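These are the residues of each chain, in order.
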Amino acid sequence: MNDFKNSVIYQIYTKSFQDSNGDGFGDIKGTIQRLDYLKDLGVDYIWMTPFFVSPLNDNGYDIADYKDIDPVFGTMSEVELLIEEADKRGIGLMFDMVFNHTSTSHEWFQRALNGEQKYMDYYLFKDGNPDQPPTNWQSKFGGSAWEYVPKLGKWYLHLFDKTQADLNWDNKEVREELKNVIRFWKKKGVKGFRFDVVNLISKPEVFEDDEIGDGRRYYTDGPHVHEYLHELVTDTGIEDMVTVGEMSSTSLENCIRYSNPNEKELSMVFHFHHLKVDYKNGNKWEIQKPDYRQLKTLFTDWQLELQKNGSWEATFWCNHDQPRAVSRFGDDKKYWKESAKMLATCTHMLRGTPYIYQGEELGMTNAYYQRLEQYRDVESLNYYEIMRKNGKTDAEAMQILGERSRDNGRTPMQWDDTTYAGFSNTKPWISIPDNYTYINVKTENSDSDSILNYYKKLIQIRKKERAISEGNITFLFHEREDLFLYKREFDGETIIVINHLRDGETNIDASIVGNNCQRLLGNYEDIIYNKKQIILRPYESMICKVL
Ligand code: TEU
């Protein structure tokens, strides 16, 4: 298997990838049918979002049995076949470990509800009376982070939905149970793991009200998080496998440590600061145009600090929780192709492991839903109500969902231009955007200038050029808000990556690429020079090797 530094990882949201049995939900068998597509794309690993037994209130991030498959997605033998078939194609599978919480349908929680002390200690139950939650902490999906259980006279903590109860990681038995889950999947041939919101696992000893926030400062990157992660990874012997932790509202300092090889915690981290540059005052539910200066500063600071410390990050724009990058940071109408390719260049050439979220390689756009009934996501539906209660009109709330809903990234994969986009032969669980007629795999495969073919080339460049997979990074022209420019160097070789983040035309001094350069890839034909300047067209992007 490839080293994670040279690898490209593809994320599959199973429920929306490929339906094989005509029930409108994507499944494991469907995923197997599409493995050749992923091999052709050139990816090394697939991160599969959870398909374990679950009531699916949060589409599988509410797990009721970590060691079995939800019938909606398939069977254990199909998952085994998936691992085997991926392996045959040189692709490793990474499974999604949701260890901060379980579904309240999990046997452990059910036994806790029955008053079994052993299992009550698996969770965070606190005494209290029905009208006074233990703290004022807010759930990330809206409302209190505590739910009262009348039968027990206690509250339990849920940082997400009330059907996702937080586990008590201070209890050694809990940590042992979770290690067994990893051992179970490792034995089945899984090659890596993604850990969901793993920096939230260690809660403080004392629970107190947060006078200035929603409580996150008490449990984010909590007191024992590094110790627990190190223990989980080393006790299960996965320190040489590819692992990535999803870090919610984390700090650079902590990420340096999570992903530093000397610490034996994780191979790399996901952090989200760059995906908040269009949140007004940090609030996801208030819209503002992306602040590109801030975006560049965040990329630059994180890249340089991680590099300085020998740590590593996942580089990405999209996942199943995010709106589509081309709609958000590009122009999904007039410059759809150009801007999608430019955004891909930005993240694929950085220092880190690039992730492609299903459909991103086609330039899939936001959903553009017009009716509330089209939304499925628990967070979107909760926040619609919250926004209405706070005085927003239906039109305003719908506009915000249109830009911010997680469902924007959860629409079915667009394989071809037939009625259900080749995803299913029946009406899918969530509606398909109208643009599937031209944004789809079949069309893009046969167009040499397509976004899909551009992604293939980006992957090939990473495989060929060590300056990209392993080289040093330096950022250039930081003062130019419209440009994102950096240099990668390895063993005497230099590659310059130029991204024009805007519509309109601009130029830069041609000396930046030296007297002689070889353009490895770009989203327009050739380079246009004007005297000693390079002219950059709308959203133009190029990768040049200095000769
Ligand atoms: O997401 C963690 C998380 O906090 C955010 O991505 C969150 O969904 C969003 O920012 C809220 O505005 C992970 C999973 O990726 C997500 O799908 C799950 O819902 C969540 O954990 C709970 O398991």
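Structure: see above.
A brief look at the structure comes next. (Residues numbered from 1 in each chain as written. Predicted model: local features only at pLDDT ≥ 70, side-chain atom pairs only at ≥ 80, totals over all residues. Heavy atoms only, no water.)

## Observations regarding the nonpolar core
Point 1. Counting 149 residues, the largest nonpolar core has Phe 95 and Trp 185 as the members making the most contacts within it.
Point 2. It is helix α16 (residues 451-464) that contributes the most residues to this core, seven residues altogether.
Point 3. Aside from chain neighbours lying at most four places away, what touches Phe 95 is Met 48, Phe 51, Phe 52, Val 79, Ile 83, Trp 185, Val 190, Gly 192, Phe 193 and Arg 194. (Core = buried A, V, L, I, M, F, W, Y, C linked by side-chain atoms within 4.5 Å. Buried < 20%, exposed > 50% of the residue type's maximum accessible area, 1.4 Å probe, protein only. Helix = DSSP H or I, 4+ residues; strand = E, 2+ residues; numbered from the N terminus. Contact = heavy atoms within 4.5 Å.)

## Some thoughts on helix α3 (residues 76-88)
Point 1. Compared with an ideal rise of 1.5 Å per residue, which puts 13 residues at 18 Å, α3 spans 19 Å between its outermost C-alpha atoms and is within 8% of the ideal.
Point 2. When we look at burial in α3, the residues that qualify are Met 76, Glu 78, Val 79, Leu 82, Ile 83, Glu 85 and Ala 86.
Point 3. Turning to α3, the residues buried within the fold contact α1 (28-33), α2 (35-41), β2 (45-48), β4 (65-69), β5 (92-97) and α6 (172-187).
Point 4. Trailing α3 by a residue or two, Gly 90 shows a phi angle of about 75°, which is positive. (Expected span 1.5 Å × (residues − 1).)

## Examining the layout of surface pockets
Point 1. In this structure, the largest pocket spans a volume of roughly 1,000 Å³.
Point 2. Along its surface, the largest pocket is lined by 39 residues, and Lys 140, Arg 216, Lys 284, Trp 285 and Glu 379 are the ones closest to its centre.
Point 3. Counting residues per element, the ones that place at least two in the lining of the largest pocket are α7 (216-219), β15 (283-287) and α13 (378-389).
Point 4. Taken together, the residues of the lining of the largest pocket break down into 12 nonpolar, 13 polar and 14 charged.
Point 5. Taken as a whole, the second largest pocket holds about 510 Å³ of empty space.
Point 6. Along the wall of the second largest pocket there are 22 residues; nearest its centre are Lys 289, Pro 290, Ser 327, Arg 328 and Glu 403.
Point 7. At the level of elements, α11 (325-328) and α14 (394-404) are the ones that each hand at least two residues to the lining of the second largest pocket.
Point 8. Of all the elements, α14 adds the most residues to the lining of the second largest pocket, at four residues.
Point 9. Its residues placed into classes, the lining of the second largest pocket shows nine nonpolar, six polar and seven charged. (1 Å grid on protein atoms, 1.4 Å probe; cavity = no way out; pocket = protein on both sides within 12 Å on 5 of 7 lines; lining within 4 Å. Points joined across faces, edges and corners; volume = space filled by probe spheres on them. Nonpolar A, V, L, I, M, F, W, Y, C, P; charged D, E, K, R; others polar.)

## Describing the packing of aromatic side chains
What characterises a pair of aromatic rings is the spacing of the ring centres plus the angle enclosed by the ring planes.
Point 1. Applying the stated criterion across every chain yields a total of 43 aromatic pairs.
Point 2. For the ring pair Phe 99 and Phe 195, a centre distance of 6.1 Å and an interplane angle of 50° mean the geometry is tilted. Taken as a pair, Phe 99 in the loop between β5 and β6 (101-103) and Phe 195 in strand β11 (residues 192-195) lie far apart in primary sequence, 96 residues in all.
Point 3. By relative accessible area, Phe 99 is classed as buried at 1%.
Point 4. Ring plane angle 70° and centroid distance 5.3 Å describe the contact between Trp 108 and Tyr 122, whose orientation is recorded as edge-to-face. Of this pair, Trp 108 sits in helix α4 (residues 107-113) while Tyr 122 sits in the loop between α5 (117-120) and β7 (125-127); the two residues are 14 residues apart in sequence, bridging distant segments of the chain.
Point 5. Grouped by ring-pair contacts, the aromatic residues Tyr 66, Phe 99, Trp 108, Tyr 119, Tyr 122, Phe 193 and Phe 195 constitute a single cluster.
Point 6. Stacked on the ring of Trp 415, the Lys or Arg Arg 34 has its end atom at 3.8 Å from the ring centre. (Phe/Tyr/Trp six-rings, centres within 6.5 Å; stacked < 30°, edge-to-face > 60°. Lys NZ or Arg CZ within 6 Å of the ring centre and 35° of its normal.)

## Description of the side chain of Glu 246
Point 1. Locating Glu 246 in the fold gives a position in strand β12 (residues 242-246).
Point 2. Not counting chain neighbours up to four residues away, the residues in contact with Glu 246 comprise Arg 194, Phe 195, Asp 196, Val 197, Val 198, Asn 199, Phe 270, Phe 272 and Asp 321.

## Some points on the pairing of strand β25 (residues 541-546)
Point 1. With five of its six residues buried, β25 lies for the most part within the structure.
Point 2. Taken together, the five bridges between strand β20 (residues 493-500) and β25 define a ladder with antiparallel strand orientation. When the bridges of β25 are listed, Val 497 appears paired with Ile 543.
Point 3. Strand direction decides the pairing type here: strand β22 (residues 517-522) and β25, joined by five bridges, are antiparallel. Residue pairing in the sheet places Gln 518 in a bridge with Lys 545 of β25. (Pairing = 2+ DSSP bridges.)

## What about the sheet that holds strand β17 (residues 353-357)?
Point 1. Taken in spatial order, the eight strands make up an open sheet running β13-β12-β11-β5-β2-β1-β17-β16, and their pairing is parallel. Edge positions in the sheet fall to β13 (268-270) and β16 (314-315), since each has one partner strand and no second.
Point 2. Bridge analysis of β5 against β11 gives four bridges, and the strand direction is parallel. Across the sheet, Asp 96 pairs through a bridge with Arg 194, a residue of β11.

## Examining unusual backbone geometry
Point 1. Although it is not a glycine, Lys 531 sits at a positive phi angle of roughly 55°.
Point 2. Positionally, Lys 531 belongs in the loop between β23 (528-530) and β24 (533-536).
Point 3. In the Ramachandran plot, Tyr 539 falls in the positive-phi region, its phi being about 55° despite a non-glycine side chain.
Point 4. Tracing the backbone shows Tyr 539 in the loop between β24 and β25.

## Concerning the site of the ligand
Point 1. In the vicinity of the ligand, 16 residues are found, and the nearest of them are Asp 58, Asp 196, Asp 321, Glu 379 and Arg 406.
Point 2. Between an oxygen atom of the ligand and a side-chain N or O atom of His 101, the distance comes to 2.9 Å.
Point 3. One nitrogen or oxygen atom from the side chain of Arg 406 is found 2.7 Å from an oxygen atom belonging to the ligand.
Point 4. Isolated, the ligand exposes 490 Å² of accessible area, and the fraction of that covered by the protein chains is 90%. (Near = heavy atom within 4 Å. Polar contact = N/O pair within 3.5 Å; in protein donor to acceptor, adjacent residues only side chain to side chain. Areas by Shrake-Rupley, 256 points an atom, 1.4 Å probe, with all protein chains shown as cover.)

## Some points on the packing of α13 against α14
Point 1. With their axes 10 Å apart at the nearest point, α13 and α14 run at an angle of 145° to one another. Note on packing geometry: the crossing formed by α13 with α14 is right-handed. Note on element contacts: α14 touches α13 through Asp 394, Ala 397, Met 398, Ile 400 and Leu 401, opposite Ser 380, Tyr 384, Met 387 and Arg 388.
Point 2. Here the contact of α13 with α14 is built from residues that sort into six nonpolar, one polar and two charged. (Axes fitted to C-alpha atoms, helices over the stretch in contact; angles between N-to-C directions. Left-handed = near helix turned anticlockwise from the far one by under 90°.)

## Digging into the packing of helix α12 (residues 336-348) against α16
Point 1. One can describe the packing of α12 onto α16 by two numbers: an axis separation of 10 Å at closest approach and a directional angle of 20°. One element, α12, and the other, α16, form an angle in the roughly parallel class. As for the relative orientation of α12 and α16, their crossing is right-handed in sense. In this structure, α12 contributes Trp 336, Lys 337, Ala 340, Lys 341, Ala 344, Thr 345 and His 348 to the contact, and α16 contributes Ile 451, Tyr 454, Tyr 455, Leu 458 and Arg 462.
Point 2. The residue inventory of the contact of α12 with α16, partitioned by class, reads seven nonpolar, two polar and three charged. (Parallel < 35°, antiparallel > 145°, perpendicular 65-115°, else oblique.)

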